[in-house]
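Examining the three-dimensional arrangement
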Amino acid sequence: DPQELELATGGKRKLRRFIVIDEVVDELYGSKVREYFEENNVQHKILALPTTEETKSMDLVLTILQEVQNFSLDRRTEPIVAIGGGVCLDIVGLAASLYRRRTPYIRVPTTLLSYVDASVGAKNGVNFLQCKNKLGGYTPPVASFLDRSFIQSIPRRHISNGLGEILKMALMKHKGLFDLLKSHGKYLLDTKFQSYSGFADPGDAALQTTRIAIETMLEELAPNLWEDDLDRLVDFGHIISPELEMRVLPSLMHGEAVNIDMAFMTYVAHVRGLLTAQEKEQIIQCMRGLELPVWHGGCSWSLIKKALMERLKHSGGQPRMPLPTGLGTAEIFNDTCEETLERAYKLWVRD
């Protein structure tokens, strides 16, 4: 904005920013963040917080809002900056949406999962009464700044965790992305999605994988940003996983729980005749190659039935179950009977 630029460079008004950063990210990059704001003559307050699924609550939102109020933030011209993983972005998004009814905020994802998932879309939220994201809203950020160099410092398991959400989009919408994951999965894990040839080559596996994942996610989310239509392909992997993830916290990460859900639903698709045995096996082998869990003891038949009942409550009385109909194609189904689900479950457990 030329007017903003003139104000900033003309010295008429000092730029101010309120930053919420995950405490682990702060240990790794806090000094660089502070240096950046100091060099650019920006008055700033940095609030480092523990942002995990266990702390993802209204209490943390209120802690942020108290500090925002103390900072005397101008809600029209001073966006809150969130730097961290998906939990951090969700919490700050909710806090921003509540402060004076809506304060702009910027997402800076620092994990692979948040880079391809939480950075895109409008949703924010916190956990409530042991239920995942039970409180929240739809307030898109004014911007998401994507920098893959953050990903180089996260553990290998976290890279694998993010690959779960990328695989979701591959199975639902893009065979080319599935082929990339199958061929380059180990390489992406080993290199932590970094491009080492200076500027990323358009054929660079990390660039291609993240770009396609984000583009396919946007294709699905943009026409249905407020979820007026409950038939959503992006819900693949999110039918059973919310119940499983909250039940076994902290043993499973989000992308891992999503992948376990996807593995079960792959068996459901196979039992329904939507996937051949070979396609089912290709999907399961790809998951293993990405070092993702394909089963968990906590995912009992009773948990699956409870999760499906919860699904019916919140999706207009229909399961709206996204299932792969091939590699990279999918449809929403409302007619999967309990017998089919149970047969799929027994086959899945046996394997």
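All values reported here derive from a predicted model rather than from experimental measurement. (Residues numbered from 1 in each chain as written. Predicted model: local features only at pLDDT ≥ 70, side-chain atom pairs only at ≥ 80, totals over all residues. Heavy atoms only, no water.)

1. Observations regarding the state of the cysteines
We apply this condition: Any pair of cysteine sulfurs within 2.5 Å is marked as a disulfide. Here's how the labels work: a residue is buried when its accessible area is under 20% of the maximum for its type, exposed when over 50%, partly exposed in between, all with a 1.4 Å probe on protein chains only.
In total, this model carries zero disulfides according to the counting rule given. For the unlinked cysteine C299, the closest cysteine sulfur is that of C131, found at 17 Å. What makes C299 buried here is its relative accessible area of 1%.

2. As for the sheet that holds strand β2 (residues 43-49)
Threshold: Paired strands, in this sense, are two strands between which DSSP finds at least two bridges. A helix here means a DSSP run of H or I that spans at least four residues, while a strand means a run of E at least two residues long, and both kinds are numbered starting from the N terminus. Contacts were defined at the residue level, with two residues in contact if any of their heavy atoms lie within 4.5 Å. A fitted line through C-alpha atoms represents every axis, and for helices the fit uses only the stretch in contact; the resulting angles, taken between N-to-C directions, go from 0 to 180 degrees.
If you walk across this open sheet you meet the five strands as β2-β1-β3-β4-β7, and the pairing is parallel. Edge positions in the open sheet fall to β2 and β7 (143-144), since each of these has one partner strand only. Strand direction decides the pairing type here: strand β4 (residues 105-109) and β7, joined by two bridges, are parallel. Each bridged residue has a counterpart across the sheet, and for I106 the counterpart in β7 is A143. Sitting on the sheet, helix α3 (residues 58-71) touches β1 (16-22), β2 and β3 (80-84), and the angle it makes with β2 is about 165 degrees. This element, helix α4 (residues 86-98), spans β1, β3 and β4 of the sheet and lies at about 165 degrees to β3.

3. Structural notes on the domain arrangement of the protein
Note the following rule: Where a domain begins and ends is set by an automatic assignment or by a domain database. Two parts placed together each lose some accessible area; with a 1.4 Å probe, that loss summed over both constitutes the buried area. Each salt bridge in this description consists of a side-chain nitrogen of Lys or Arg and a carboxyl oxygen of Asp or Glu lying within 4 Å of one another. Residue classes follow a fixed rule: Ala, Val, Leu, Ile, Met, Phe, Trp, Tyr, Cys and Pro count as nonpolar, while Asp, Glu, Lys and Arg count as charged, and any other residue, Gly among them, counts as polar.
When its domains are assigned, the protein resolves into domain 1 (13-152) and domain 2 (155-224 + 232-350). Its C-alpha centre places domain 1 at a distance of 27 Å from the equivalent point of domain 2. Domain 1 puts 20 residues into the contact, and the matching count from domain 2 is 30 residues. When domain 1 packs against domain 2, the two sides together hide about 2000 Å² of surface, and 68% of this comes from carbon and sulfur. Across the domain 1-domain 2 interface, the total number found is one salt bridge. Here K132 and E245 are joined by a salt bridge, their closest N and O atoms 3.3 Å apart. Here the element with the most residues in the side of domain 1 that touches domain 2 is helix α5 (residues 112-118); it accounts for five residues. Here the side of domain 1 that touches domain 2 is composed, by residue class, of eight nonpolar, five polar and seven charged.

4. Details of the layout of surface pockets
Going by this rule: Buriedness for pockets is judged along seven lines, at least five of which must meet protein on both sides within 12 Å for an open set on the 1 Å grid over protein atoms alone, while cavities are sets there where a 1.4 Å probe fits but cannot get out, and lining residues have an atom within 4 Å of a point. Grid points are joined across faces, edges and corners, and a volume is the space filled by probe spheres set on the points.
The space that makes up the second largest pocket amounts to roughly 680 Å³. Contributing to the lining of the second largest pocket are 25 residues, with Y36, F37, V81, V108 and F145 lying nearest its centre. Sorting the residues of the lining of the second largest pocket by element identifies α2 (23-39), β3 and β4 as the ones contributing at least two each. Ranked by residue count, the leading element in the lining of the second largest pocket is α2, at five residues.

5. Things to note about the packing of helix α12 (residues 301-314) against helix α13 (residues 338-350)
Rules: Roughly parallel means an angle under 35 degrees; roughly antiparallel, over 145; roughly perpendicular, 65 to 115; everything else is oblique. Here a crossing is taken to be left-handed if its near helix is turned anticlockwise relative to the far helix by less than a right angle, and right-handed if that turn runs clockwise.
Relative to each other, α12 and α13 sit at 140 degrees, their axes nearing to 11 Å. Overall, the two elements α12 and α13 adopt an arrangement that is oblique. The two elements α12 and α13 cross, and the hand of that crossing is right-handed. Contacts from W301, I304, K305 and L308 in α12 reach E338, L341, E342, Y345 and W348 in α13. Residues of the contact of α12 with α13, tallied by class, amount to six nonpolar, no polar and three charged.

6. Topic: the pattern of salt bridges
Opposite charge on two side chains allows them to pair when their charged atoms are near. In this structure the tally under the stated criterion is 26 salt bridges. Notably, a salt bridge pairs E67 with K45, separated by 3.9 Å at the nearest N-O pair. Of this pair, E67 sits in helix α3 while K45 is found in strand β2, placing the two residues 22 residues apart along the sequence. Overall, K45 belongs to the partly exposed group, its relative accessible area being 30%.

7. Looking at unusual backbone geometry
Look at the link from L249 to P250: it is a cis peptide, with omega at -5 degrees. With respect to the helices, strands and loops of the structure, P250 is situated in the loop between α9 (241-248) and α10 (254-271). In this structure, N41 takes a positive phi of about 55 degrees despite not being glycine. Locating N41 in the fold gives a position in the loop between α2 and β2. A positive phi angle, near 60 degrees, is found at F193, a position not held by glycine.

8. Notes on the packing of aromatic side chains
The cut-off we apply is this: Pairs were defined over the aromatic rings of Phe, Tyr and Trp, the Trp ring being its six-membered one, requiring ring centres within 6.5 Å. Orientation was assigned from the angle between planes: stacked under 30 degrees, edge-to-face over 60, tilted for the rest. Cation placement over rings: the criterion is NZ of Lys or CZ of Arg within 6 Å of the ring centroid and within 35° of the ring normal.
Under the definition given, this model contains eight aromatic pairs. A centroid spacing of 4.9 Å and a plane angle of 80 degrees characterise the contact between Y29 and F150, whose relative ring orientation is edge-to-face. Within this pair, whereas Y29 is found in helix α2, its partner F150 is found in the loop between β7 and α6 (156-173), the two being separated by 121 residues in sequence. What makes Y29 buried here is its relative accessible area of 13%. One aromatic cluster in this structure is built from F264, W301, Y345 and W348. The ring of F71 is capped by R16, whose NZ or CZ atom sits 4.1 Å from the centre of that ring.

9. As for the UniProt feature "domain: 3-dehydroquinate synthase N-terminal" (unreviewed entry) in the protein
The condition that has to hold: UniProt positions are given in the numbering used here, feature names are shortened, and annotations may be inferred rather than shown by experiment.
According to UniProt, the feature "domain: 3-dehydroquinate synthase N-terminal" (unreviewed entry) maps to residues 48-160 in the numbering used here. The distance from the first to the last C-alpha atom of residues 48-160 is 26 Å, and the span holds 35% helix and 25% strand.

10. Some details on the nonpolar core
Rule in force here: Joining through side-chain atoms within 4.5 Å is the link that ties buried Ala, Val, Leu, Ile, Met, Phe, Trp, Tyr and Cys residues into a set, and such a set is a nonpolar core.
Counting residues in each nonpolar core, the largest one holds 71 residues, and the members touching the most others are L167, I240 and F264. Counting only domains with at least three residues in this core, you end up with domain 1 (13-152) and domain 2 (155-224 + 232-350). Apart from the residues within four sequence positions on either side, I240 is in contact with D261, F264, M265, C299, L303, I304, A307 and L308. Of all hydrophobic cores here, the second largest spans 25 residues; its members include I80, A82, C88 and I91.

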